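Coordinate inspection notes
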Amino acid sequence: MKEAYLYKKLPGEKVQCQNCPHFCIILPGKRGICGVRENIDGKLYALNYGKAIAVNIDPIEKKPFFHFLPGSYSLSIATVGCNFICANCQNYSISQAPKPDKPVLGEDLSPEEIVKMALENNLPSISYTYVEPTIFLEYALDMMKLAKKAGLKNCFVSNGFMSEESAKLIIPYLDANNIDIKSFDDKFYRENCGGRLQPVLDTAKLMKKSGVWVEITTLVIPTLSDSEEIFRGIAKFIYEELGPETPWHISQFSGAISWKLQHLPDTSAETLEKAYKIGKKVGLKYVYTGNIPGLPSENTICPKCGAVAINRMNYIIHRHDKNGRCPSCGEDLDIID
Ligand code: SF4
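These notes cover the structure that comes with them. Quick caveat: nothing in here was measured; it's all calculated off a predicted structure.

Observations regarding the site of the ligand
- Close to the ligand lie Cys17, Asn19, Cys20, His22, Phe23, Cys24, Gly32, Ile33, Cys34, Arg37 and Asn83, which account for all nearby residues.
- Among the detected pockets, the ligand sits in the largest cavity.
- Tallied by class, the residues present in the shell around the ligand amount to 6 nonpolar, 4 polar and 1 charged.

Here you go:
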């Protein structure tokens, strides 16, 4: 464990965490909403520092990043805990594990050991993922600094629910951020996730403004986040606030692997295609459907001439682009290698 980087001391040995927009006020001996930050004698500690619960080598497309180091693999790291309680969570066995005061499990791995692992496996990047990485900010930041020094890229896969202070701390070391915009309805965020929409939108704008490569993901949940109004709201926000070159991933929900929504059906291909069409109509250059392998909307298509620049079938990637440009007309495809 490590003393938290961002918190305020309050009277009566209380503390207020400054890490995410919950800004939890925590009494001595208690933890915040994420389950991994505890007030011990008037000081806030990150109990999950150096405790990796997941260490995997994943295709970068799994994050998903389609325009950042496409076709590469990324060392993917998580600790237990999360600042959200999404009913649809597929990683609930780790995201909710330590709440409210259960053991904070994980393998003891220092930031140095993780970076060494990435280098030994010739991986170009480290991804902070599976749960909201802001809840392991201290661990991630120490890794990110070492990774940057070693010439590696850093990628956050985030729900975007981080404080401005946290974001500003990581931005100098962050190369890419996939941010979930789960709905365009604050009620959904409050009821399904225990969060709020506006801070997520603010994070996405700040990241983009700061030069971090941003991709957006929306998991489309039948009856909860599958209306045309929601699709249009998200697509317009991306177009107007983040720019038409920002990729939008629209992913299929699967009830069977969700935490609390097993009663809902999987999202149909037709619904994803509806969202895809709305995104393209709004003017987004790169819209992708996810979790249904084989749909042509997984491919990167040149927005100018329509040529297929990157073929995808799940995680089998065939690149036809010429150094990030269209193989047919030479258009810049906003690819970072
Ligand atoms: S990181 Fe955890 S303790 Fe801190 S404000 Fe967010 S939920 Fe609360």
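Structural notes on the sheet that holds strand S15 (residues 248-252)
- Pairing is mixed in the open sheet, where 8 strands are placed in the order S8-S9-S11-S12-S13-S14-S15-S16. The open sheet has two edge strands with one neighbour each: strand S8 (54-59) and strand S16 (287-290). With strand direction ignored, the average angle separating the axes of adjacent strands in the sheet is 20 degrees.
- Looking at chain direction, S8 and strand S9 (residues 73-78) are connected through 6 bridges and run antiparallel. Each bridged residue has a counterpart across the sheet, and for asparagine 56 the counterpart in S9 is serine 76.
- Contacts between helix H2 (residues 111-120) and the sheet are confined to S8, S9 and strand S11 (125-128), with S9 contributing the most and set at about 160 degrees to the helix.

Looking at the nonpolar core
- In terms of nonpolar packing, the biggest core is built from 81 residues, with Ile126, Ile170, Ile181, Met207 and Trp248 touching the most fellow members.
- Those residues in contact with isoleucine 170 that lie beyond four places of it in its chain are Leu137, Leu141, Met144, Phe156, Met162 and Met207.
- Of all hydrophobic cores here, the second largest spans 11 residues; its members include Tyr286, Cys326, Leu333 and Ile335.

Examining the packing of aromatic side chains
- Tallied over the entire structure, the rule returns 10 aromatic pairs.
- When the centroid spacing of 5.4 Å and the interplanar angle of 55 degrees are considered together, the rings of tyrosine 49 and tyrosine 139 count as tilted. Of this pair, tyrosine 49 sits in the loop between strand S6 (43-46) and strand S7 (51-52) while tyrosine 139 sits in helix H3 (residues 137-149), and the two are 90 residues apart along the sequence.
- Owing to a relative accessible area of 16%, tyrosine 49 belongs among the buried residues under this scheme.
- Of the residues examined, tyrosine 139 reaches a relative accessible area of 1% and is grouped as buried.
- Relative to tyrosine 189, the ring of phenylalanine 84 lies with its centre 6.2 Å away and its plane at 70 degrees, an arrangement referred to as edge-to-face. Of this pair, phenylalanine 84 sits in the loop between S9 and helix H1 (92-95) while tyrosine 189 sits in helix H5 (residues 186-193); the two residues are 105 residues apart in sequence, bridging distant segments of the chain.
- Grouping aromatic residues by their ring pairs yields a cluster made of Phe84, Phe161, Phe188 and Tyr189.

A look at the pattern of salt bridges
- Under the definition given, this model contains 17 salt bridges.
- Among the salt bridges present, the one from glutamate 38 reaches arginine 31, with a minimum N-O distance of 3.0 Å.
- Taking the relative accessible area as the measure of exposure, glutamate 38 reaches 18% and is therefore buried.
- Here lysine 285 and aspartate 334 are joined by a salt bridge, their closest N and O atoms 3.9 Å apart.

Here's the deal with unusual backbone geometry
- Residue proline 64 follows lysine 63 across a cis peptide bond; omega there is -5 degrees.
- Examined against the element boundaries, proline 64 turns out to sit in the loop between S8 and S9.
- Positive phi values are uncommon outside glycine, yet glutamate 13 reaches one of about 60 degrees.
- Within the secondary structure layout, glutamate 13 lies in the loop between strand S2 (7-10) and strand S3 (14-17).
- Not every positive phi belongs to a glycine, and phenylalanine 23 is a case in point at roughly 40 degrees.

As for the layout of surface pockets
- Approximately 1000 Å³ is the volume attributed to the largest pocket.
- What lines the largest pocket is a set of 38 residues, among which Lys62, Lys63, Gln90, Asn91 and Asp180 lie closest to the centre.
- With 3 residues, strand S14 (residues 213-220) is the single largest residue contributor to the lining of the largest pocket.
- Partitioned by chemical class, the residues of the lining of the largest pocket number 14 nonpolar, 17 polar and 7 charged.

A closer look at the sheet that holds strand S19 (residues 316-319)
- Within the open sheet, the 3 strands sit side by side as S17-S18-S19. Their pairing is antiparallel. Among the strands making up the open sheet, the edge pair consists of strand S17 (300-301) and S19.
- Sheet topology places S17 next to strand S18 (residues 308-313); 2 bridges connect them, and they run antiparallel. Across the sheet, residue isoleucine 301 finds its bridge partner in S18, namely valine 308.

Let's talk about the pairing of S19
- Looking at chain direction, S18 and S19 are connected through 4 bridges and run antiparallel. Note that in S19 the partner of methionine 313 across the bridge is isoleucine 316.
- The turn linking S18 back onto S19 is made up of 2 residues, and asparagine 314 within it adopts a positive phi angle of 60 degrees.

Considerations on helix H6 (residues 198-209)
- Compared with an ideal rise of 1.5 Å per residue, which puts 12 residues at 16 Å, H6 spans 17 Å between its outermost C-alpha atoms and is within 8% of the ideal.
- Inspection of H6 places Pro199, Val200, Leu201, Thr203, Ala204, Leu206, Met207 and Lys208 among the buried residues, and these make up the whole buried set.
- If you follow the buried residues of H6, they end up packed against helix H4 (164-170), strand S13 (176-180), H5, S14 and helix H7 (228-242).
- Positive backbone phi, approximately 90 degrees, marks glycine 211, located one or two places after H6.

Cut-off values and rules
- Numbering of residues starts from 1 in each chain and follows the order in which that chain's sequence is written.
- Two thresholds apply to this predicted model, a pLDDT of at least 70 for residue-level local features and 80 or more for giving and counting side-chain atom pairs, whereas whole-chain, interface and lining totals are computed over all residues.
- Side-chain numbers here rest on the full set of heavy atoms in the structure, without hydrogens or water.
- We define proximity as follows: a residue is near a molecule or strand when any one of its heavy atoms falls within 4 Å of that partner.
- Definitions used throughout: a 1 Å grid over protein atoms alone; a cavity as a set of points that fits a 1.4 Å probe which cannot get out; a pocket as an open set with protein on both sides within 12 Å along at least five of seven lines; a lining residue as one with an atom within 4 Å of a point.
- A cavity or pocket is said to hold a molecule if more than half of that molecule's atoms lie within 2 Å of its grid points.
- Note that Gly is not counted as nonpolar here; it falls among the polar residues with everything else outside the nonpolar set of Ala, Val, Leu, Ile, Met, Phe, Trp, Tyr, Cys and Pro and the charged set of Asp, Glu, Lys and Arg.
- DSSP bridges decide pairing: two strands pair if at least two such bridges lie between them.
- Only DSSP runs of H or I with at least four residues qualify as helices, and only runs of E with at least two residues qualify as strands; both kinds are numbered from the N terminus onward.
- Here the axes come from fitting lines to C-alpha atoms, over the contacting stretch only for helices, and the angles between their N-to-C directions go from 0 to 180 degrees.
- It only takes one pair of heavy atoms within 4.5 Å for two residues to be counted as in contact.
- Remark: nonpolar core denotes a set of buried residues (Ala, Val, Leu, Ile, Met, Phe, Trp, Tyr, Cys) joined through side-chain atoms within 4.5 Å.
- Relative accessibility under 20% of the residue-type maximum defines a buried residue, over 50% an exposed one, and the middle range a partly exposed one, all with a 1.4 Å probe and only protein chains included.
- Between 30 and 60 degrees the pair is tilted, below 30 it is stacked and above 60 it is edge-to-face, where a pair is any two Phe, Tyr or Trp rings, Trp via its six-membered ring, whose centres lie within 6.5 Å.
- One side-chain nitrogen of Lys or Arg within 4 Å of one carboxyl oxygen of Asp or Glu is enough to make a salt bridge.
- Grid points are joined across faces, edges and corners, and a volume is the space filled by probe spheres set on the points.
- Helix span, expected: 1.5 Å multiplied by one less than the number of residues in the helix.

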